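# An overview of the molecular structure
Each chain is listed here by its residues.
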Amino acid sequence: TPGRRLYEDHRRRENEKRAKQNEEPMRNVVPIASVAGTYAKLYDDAVHRREVLDKKQREKEIAEERQIFEEANPHAARPVDMAQLRRLHEDYDQKLNKQAEMRNRREENERKQLEELHQEF
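Residues numbered from 1 in each chain as written. Predicted model: local features only at pLDDT ≥ 70, side-chain atom pairs only at ≥ 80, totals over all residues. Heavy atoms only, no water.

## Regarding the overall build of the chain
Rules: Note on conventions: DSSP H or I runs of at least 4 residues are helices, E runs of at least 2 residues are strands, and numbering of each starts at the N terminus.
A count of helices and strands for the chain gives three helices and zero strands. Listed N to C, the secondary structure of the chain is α-α-α in terms of helices and strands.

Right, dumping it as structure tokens:
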């Protein structure tokens with residue numbers, strides 16, 4: 001009968017439609033092995049980035065320590081200028097000699113003043 005045929009055609013189309021809907025989500029699903037591989041690659045990339053970052057941080061810390069050391073001791077990085085060193089020693093010796101002369105003059109003046117006071121009495 002024609003009614004039965006129409007009913008079966010409709011039922012067949014509905015079954016095909018449901019089967020197609022059930023298959024579509026499976027097409028979008030990525031196999032588990034490729035997902036695990038993707039996560040493993042992401043993990044390896046993260047480990048590599050962390051190693052590079054740690055290396056750069058260590059290099060930066062070493063450079064900062066070197067800079068602090070050079071600022072604290074500016075002559076450590078440069079060669080010693082012996083001529084300048086001799087000039088500094090000579091200047092220091094002259095300063096000591098001047099101080100000794102001033103002290104001797106002061107003591108001589110005090111001694112003269114004491115002698116004058118003793119002569120007056």
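From this point, the narrative continues.
## With respect to the pattern of salt bridges
The line we're drawing: Should a side-chain nitrogen of Lys or Arg be within 4 Å of a carboxyl oxygen of Asp or Glu, the pair is scored as a salt bridge.
For the structure on display, the rule yields eight salt bridges. Residue Glu101 pairs with Arg105 through a salt bridge whose shortest N-O separation is 3.8 Å. Here Glu101 and its partner Arg105 are both found in helix H3 (residues 82-120), four residues apart, which amounts to about one turn of the helix. Put simply, Glu115 and Arg111 hold a salt bridge, and the shortest N to O gap is 3.8 Å.

## Remarks on the confidence of the model for the chain
Going by this rule: Scored from 0 to 100, pLDDT reflects the predictor's confidence in each residue.
On average, residues of the chain score 84 in pLDDT, and 84% of them are at 70 or above. Within the chain, no element has a lower average pLDDT than helix H1 (residues 2-28), which sits at 79, and none a higher one than H3, at 92.

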